[in-house]
Amino acid sequence: MSRPVPVIVLGGSGYVAGEVVRLLAQHAGFDLAAIVSESRAGEPVVDAFPHLAGTIDGWRFIDFEALAERLEVEARVALVSAAPHGASASLVARAMTLAEAAGVELTVVDLSADFRFADAERYAAVYGSAHPAPGLLPRFVRALPEHARVGTAICVAHPGCFTTAVLLAVVPLLARGLAKSRFAVTAITGSTGSGRGLSEKTHHPARRSNIAAYAPLAHRHAPEMATLAAEASGVLPEIDFVPLSGPQARGIYATVHGRLARQATAAEVAAELADFYAGSPFVAVADTAPALTDVVGTNRARVGVACAGQSLAVTVAIDNLVKGAAGGAVQWLNRMHGFDETTGLTAASLGWF
């Protein structure tokens, strides 16, 4: 076996980064090369992720300035950025500059929203600030691994967790001409989707045994959903999106409501979606609704279909931290570096959480 590919993780102390580290620490094809955290540089990584004791013992966070010396001894490196929206693009740009100066072949998977739009103007319109690295936008592929058969992409922007769930339903419906192009989406997410930062609305007593909508019909990821759905299917949809904060720590359960474009039963629609995802090992489709516990802790997605007359409801269950972020990143890295797509991602669901 050839030498494992070194991987650098940016934004290394957050929940998503913790999942990236967990998955990579047990992956035969990749070696952790550096875990970067400006806020916790010098601290043991296990202090941030005590549940990973035994897999990352001895590792310490480094600051960004220490990356240069790590890059100088490598011929090729993979980088996963789990840095926050708005900060990731600048860090990725700096890392790419360092790699080029050192003659290092660098592959990138960015998990923020910073590279999910093809043009800087669109990004600025959604996020209200200028893009930090507009010159890099043309270098990124923007898609789920299931929707872009790009085997050796150098730079990938992985869609966010809500968007992952919605795209898994909407893209095949549009691509196969099964549904009209307007959808109403409600999706409930776990508290890990809010990150480590504590606020009044994300504090456990506020979320326990509680469900609440936030930014209904005004969530910043709705334009991302429509844009990426159009790029993957060839049809630009209208998506009315209502996100809900739920009491669970992890997982997203999305319900996508639409209207059938032609008469079909739930079994027929499910068969079409299953055929669309025939080459996608992590997506399973049925004409029954999934449960969140089917997927928690995994890179799997479960999709269910229901029809009544012309009404259509597609339910999608994913783990927001894995399929919606870290697992998607590893899935991309597997493909970019020639490994089987499922390598390191075949663990069963936790079942209870």
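As a reminder, the structure under discussion sits directly above these lines.
Presented here is an overview of the structure given in this document.

Cut-off values and rules
- Residues numbered from 1 in each chain as written.
- Predicted model: local features only at pLDDT ≥ 70, side-chain atom pairs only at ≥ 80, totals over all residues.
- Heavy atoms only, no water.
- Buried < 20%, exposed > 50% of the residue type's maximum accessible area, 1.4 Å probe, protein only.
- Helix = DSSP H or I, 4+ residues; strand = E, 2+ residues; numbered from the N terminus.
- Arc of directions from axis to C-beta.
- Contact = heavy atoms within 4.5 Å.
- Phe/Tyr/Trp six-rings, centres within 6.5 Å; stacked < 30°, edge-to-face > 60°.
- Lys NZ or Arg CZ within 6 Å of the ring centre and 35° of its normal.
- Core = buried A, V, L, I, M, F, W, Y, C linked by side-chain atoms within 4.5 Å.
- Pairing = 2+ DSSP bridges.
- Axes fitted to C-alpha atoms, helices over the stretch in contact; angles between N-to-C directions.
- Polar contact = N/O pair within 3.5 Å; in protein donor to acceptor, adjacent residues only side chain to side chain.

As for helix H9 (residues 266-276)
When H9 is considered as a whole, its buried residues turn out to be Ala266, Val269, Ala270 and Leu273. One side of H9 holds all its buried residues, which, seen down the axis, span an arc of 100°. Each element contacted by the buried residues of H9 is listed here: helix H6 (161-175), strand E11 (283-286), strand E12 (301-308) and strand E13 (311-318).

Concerning the packing of aromatic side chains
Centre-to-centre distance and the angle between the planes together describe a pair of aromatic rings. Counting across every chain of the model gives five aromatic pairs. Here Phe276 and Tyr277 contribute two aromatic rings whose centre-to-centre distance is 5.0 Å and whose plane-to-plane angle is 85°, an arrangement assigned as edge-to-face. Under the relative-accessibility criterion, Phe276 is labelled partly exposed at 22%. Overall, Tyr277 belongs to the buried group, its relative accessible area being 2%. Above the plane of the ring of Trp332 lies Arg335, whose end atom (NZ or CZ) is 5.2 Å from the centre.

Here's the deal with the nonpolar core
Grouped together as the largest cluster of nonpolar side chains are 42 residues, with contacts concentrated most on Leu173, Val269, Val305 and Val314. Broken down by element, the residue count for this core peaks at 11 residues, all from H6. With near-sequence residues (within four places) excluded, Val269 lies in contact with Leu173, Leu178, Leu260, Ala264, Val305, Cys307 and Leu312. Counting 34 residues, the second-largest nonpolar core is a separate cluster that includes Val45, Leu111, Val156 and Met336.

Considerations on the sheet that holds strand E4 (residues 105-110)
The parallel open sheet is built from six strands, whose spatial order is E2-E1-E3-E4-E6-E5. Here the strands that pair on one side only, and so sit at the sheet edges, are strand E2 (30-35) and strand E5 (140-142). Each adjacent strand pair in this sheet contributes to an overall mean axis angle of 25°, direction not counted. Sheet topology places E4 next to strand E6 (residues 155-157); three bridges connect them, and they run parallel.

Quick notes on the sheet that holds E13
Read across the sheet, seven strands follow the order E8-E9-E7-E10-E13-E12-E11 without closing on themselves; strand pairing throughout is mixed. The open sheet terminates on both sides in strands that have one partner only, identified here as strand E8 (212-213) and E11. Sheet topology note: the strand E10 (residues 252-259)/E13 ladder contains eight bridges and is antiparallel. Paired with Gly258 across the two strands is Leu312, which belongs to E13. Here H9 sits on the sheet and contacts E11, E12 and E13; the angle it forms with E12, its principal contact strand, is near 150°.

Describing the pairing of E11
Every second residue of E11 is oriented toward a common face, the buried set being Val283 and Val285 and the non-buried set Ala284 and Ala286. Where E11 lies against E12, four bridges are found, and the strand directions are parallel. What sits directly across from Ala286, in E12, is Gly304.

Brief notes about the side chain of Asn320
You can see Asn320 is positioned in the loop between E13 and helix H10 (322-336). Polar side-chain contacts of Asn320 include one of 2.6 Å to the backbone nitrogen of Gly251.

Concerning helix H5 (residues 120-127)
Among the residues of H5, Ala120, Tyr123 and Tyr127 are the ones counted as buried. Taken down its axis, H5 places every buried residue within 60° of arc, on the same side. Seen from the open side of H5, the exposed residues pointing more than 90 degrees away from its buried face are Glu121 and Ala125. If you follow the buried residues of H5, they end up packed against helix H8 (221-233). Backbone nitrogen of Glu121 and a side-chain oxygen of the N-cap are separated by 3.3 Å at the start of H5; the cap is Asp119. Positive phi shows up at Gly128, right after H5, with a value of about 75°.

Focus: unusual backbone geometry
What is expected of a backbone is that most residues other than glycine have negative phi and most peptide bonds are trans. Notably, Ala215 is not glycine yet its phi reads approximately 50°, a positive angle. Classification of Ala215 as partly exposed rests on a relative accessible area of 35%. At Leu217, a residue that is not glycine, the phi angle is positive and equals roughly 60°. If you trace the backbone, Leu217 turns up in the loop between E8 and H8.

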